[in-house]
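Here's the letter readout for the chains.
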Amino acid sequence: MKTIICQLVVVALLTVVIALSVSGTAAVAVVFGGLAAVVPNALFGAIAFLHAGARANQKVVKSFFVGEGIKLVLTAVLISALFLLTDFNSVWLMSGFVVAVISQWIAPISFLKST
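Residues numbered from 1 in each chain as written. Predicted model: local features only at pLDDT ≥ 70, side-chain atom pairs only at ≥ 80, totals over all residues. Heavy atoms only, no water.

Caption draft 1: Just the packing of helix 1 (residues 2-21) against helix 2 (residues 24-48), in detail. Running from N to C, helix 1 and helix 2 point in directions that differ by 175°, and their axes come no closer than 8 Å. Between helix 1 and helix 2, the interaxial angle falls into the category roughly antiparallel. In this structure, helix 1 uses Thr-3, Ile-4, Gln-7, Leu-8, Val-11, Leu-14, Thr-15, Ile-18 and Ala-19 to contact helix 2, whose residues at the interface are Ala-26, Ala-27, Val-30, Val-31, Gly-34, Leu-35, Ala-37, Val-38, Asn-41 and Ala-42. Across the contact of helix 1 with helix 2, the residue classes break down as 14 nonpolar, five polar and no charged. (Axes fitted to C-alpha atoms, helices over the stretch in contact; angles between N-to-C directions. Helix = DSSP H or I, 4+ residues; strand = E, 2+ residues; numbered from the N terminus. Parallel < 35°, antiparallel > 145°, perpendicular 65-115°, else oblique. Contact = heavy atoms within 4.5 Å. Nonpolar A, V, L, I, M, F, W, Y, C, P; charged D, E, K, R; others polar.)

Caption draft 2: Layout of the confidence of the model for the protein. Residues at a pLDDT of 70 or more form 96% of the protein, whose mean pLDDT is 91. Helix 4 (residues 90-111) is the least confidently modelled element of the protein, averaging 91 in pLDDT, while helix 2 averages 95, the highest of any element. (pLDDT = per-residue confidence, 0-100.)

Structure representation (structure tokens):
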């Protein structure tokens, strides 16, 4: 959940910067590109963590694989749909997507507590 919130905050910040410095249309493209990464990631989290505990270890592994598969397919569908069905500038669309993905990788590091 923290990772999803981090992704949303980073995409929102980028959106504000782009809206103020470039254009509203570019900012909307950034939002949709970011959501194409955040929504599948959130769905993965919901599916992957359906089960917990030592007794459910096979279900845990299965839900992770199912969740990752759904995440990959949904990401491909969303990105494809955005490219095919909208006339957004691909640079802004992919900027939102890439920033969301990178923030997904970096977010866990920011949650580590220093000892």
